[in-house]
Amino acid sequence: MNDIMRMPKLEMHIHIEGTFDVETVCALAEAQGITLPRPKSSIFTFSGLTDFLSLLDWICSLVRDRDTARQIAYRFAEYAKEQGIIYTEVIVNPSHWKNIGTEDLIQGILDGFDEAYGKGLPDCRLLVSLRREQDLTSSSNTVDWVLSHRHPRLIGLSVDGNEELSADSNKRFAPLFRKCKEAGLGITVHAGESSGPEGVIEALDMLGADRIDHGVRAIESPELIERLRDERIPLDVCFTSNVIGGLYTAENHPLGTMYGMGLLVNAGTDDPELMQIPLCTELERIAAQYGWGIRDLLALQYNALEAAFCSDKDKDLIRSKLDAFKASL
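Residues numbered from 1 in each chain as written. Predicted model: local features only at pLDDT ≥ 70, side-chain atom pairs only at ≥ 80, totals over all residues. Heavy atoms only, no water.

Novice: Which residues make up the pattern of salt bridges, and what values go with them?
Specialist: For the structure on display, the rule yields 24 salt bridges. Residues Arg-66 and Asp-104 are paired through a salt bridge, measuring 3.0 Å at the closest nitrogen-oxygen approach. Of this pair, Arg-66 sits in helix α4 (residues 66-82) while Asp-104 sits in helix α5 (residues 102-118); the two residues are 38 residues apart in sequence, bridging distant segments of the chain. By relative accessible area, which is 30% here, Arg-66 ends up partly exposed. A salt bridge links Asp-144 to Lys-179, with the shortest nitrogen-to-oxygen separation between them at 3.5 Å. Of this pair, Asp-144 sits in helix α6 (residues 136-148) while Lys-179 sits in helix α7 (residues 169-182), and the two are 35 residues apart along the sequence. (Salt bridge = Lys/Arg side-chain N within 4 Å of Asp/Glu carboxyl O. Helix = DSSP H or I, 4+ residues; strand = E, 2+ residues; numbered from the N terminus. Buried < 20%, exposed > 50% of the residue type's maximum accessible area, 1.4 Å probe, protein only.)

This is how it looks when you write it as structure tokens:
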């Protein structure tokens, strides 16, 4: 565990909605006179993806102004520092945040990340996400806002949510993703979790995905596996999240197999507070499951670096830190 903590780490698959700790949630609810939906000891209890997404909506509804959004972002950067994360790309989906406008939400998060970096905390970037069930009008408004408010830390567009509930979402959102890609934003897509290999293929072909969030069900298609390997498409895999969600057991999760196949996999936590799985613990759990050493976990960090949407200059700086750690082993 000491080597894992000491190792410089990157995280590509994490939702800021899932980084609220219990104390913050309870304090926000109490300040607003809102009754908790269940006892504090089980506030993060959920059953299935739909219930989980409803819980996220409720938590995010507690944020009502830009300064609170800034505080949430700054606290996340502190968490990243505690975990030894040196670079992370964090997803935010405005459709979960019912009581704060898109501008106040995103600008507040960016302000928090800027403030944190200025005080020596990790380099946090932002990916704005659409929700698969979201209507086209609100999705278009979000994309238009992002494109008209460019910021060095706002580097990509994502889409998340339950693919099974919105089979036409790739086709519906394709023009929006094309517009963002043409504007130079990175594209990452949740696929290959609630959908099979076909979801990953559509993400690549219809949405122009540069990388895939989850993507684990690609293992069901040898042809897709070959494509992912040949085209070096990164997969932002969340081992524990998939196990908690019932997609796989720890024993049959395909992360180890995909790594052995030479796919560009990295490890993320998805929603670390809600699932009680900080990144160092996640890496420790993965290493124990597959009998991996620190060099295997370091290889995941190099894979994450290849997946990152930051500049080549930024990547060179991050790579130098990974190289220095490697040399110390």
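On we go from here.
Novice: Any details on the pairing of strand β5 (residues 186-191)? Residues and values, ideally.
Specialist: The element β5 is largely enclosed, with a buried count of six among its six residues. Burial along β5 is two-sided: Gly-186, Thr-188 and His-190 and Ile-187, Val-189 and Ala-191, pointing in opposite directions, are all buried. Taken together, the four bridges between strand β4 (residues 154-160) and β5 define a ladder with parallel strand orientation. Counterpart to Val-159 in the pairing with β5 is Val-189. Viewed along the sheet, the connection from β4 through α7 into β5 turns out right-handed. (Pairing = 2+ DSSP bridges. Right-handed = clockwise from strand over helix to strand, strands pointing away.)

Novice: Hey, could you go over helix α3 (residues 48-60) for me, with residue numbers and the actual values?
Specialist: Across its 13 residues, α3 extends 19 Å between first and last C-alpha, which sits within 8% of the 18 Å expected from 1.5 Å per residue. All of the buried residues along α3 are Phe-52, Leu-53, Leu-55, Leu-56, Asp-57, Trp-58, Ile-59 and Cys-60. Along its buried surface, α3 packs onto α2 (22-31) and β3 (123-131). (Expected span 1.5 Å × (residues − 1). Contact = heavy atoms within 4.5 Å.)

Novice: Please set out the sheet that holds strand β7 (residues 235-237) residue by residue, giving values where relevant.
Specialist: Overall, parallel pairing links the eight strands, which are arranged β1-β2-β3-β4-β5-β6-β7-β8 in an open sheet. Looking along the sheet, the strands with just one partner apiece sit at the ends: β1 (9-15) and β8 (265-267). When strand polarity is set aside, the average angle formed by the axes of neighbouring strands in this sheet is 25°. Pairing geometry for strand β6 (residues 211-214) and β7, over two bridges, is parallel. Following the sheet pairing, Asp-213 is matched in β7 by Asp-236. The strands touched by α7 are β3, β4 and β5; relative to β4, the strand with the most contacts, the crossing angle is about 165°. Packed on one face of the sheet, helix α12 (residues 279-290) meets β1, β2 (85-92) and β8 and runs near 105° to β1. (Axes fitted to C-alpha atoms, helices over the stretch in contact; angles between N-to-C directions.)

Novice: Give me the lowdown on the pairing of β1, citing residues and values where you can.
Specialist: The element β1 is extensively covered by neighbouring structure, given that seven of its seven residues are classed as buried. Summarising the sheet, β1 and β2 pair through five bridges and their orientation is parallel. Following the sheet pairing, Lys-9 is matched in β2 by Ile-85.

Remember, this is a structural readout, not a statement about activity or role.
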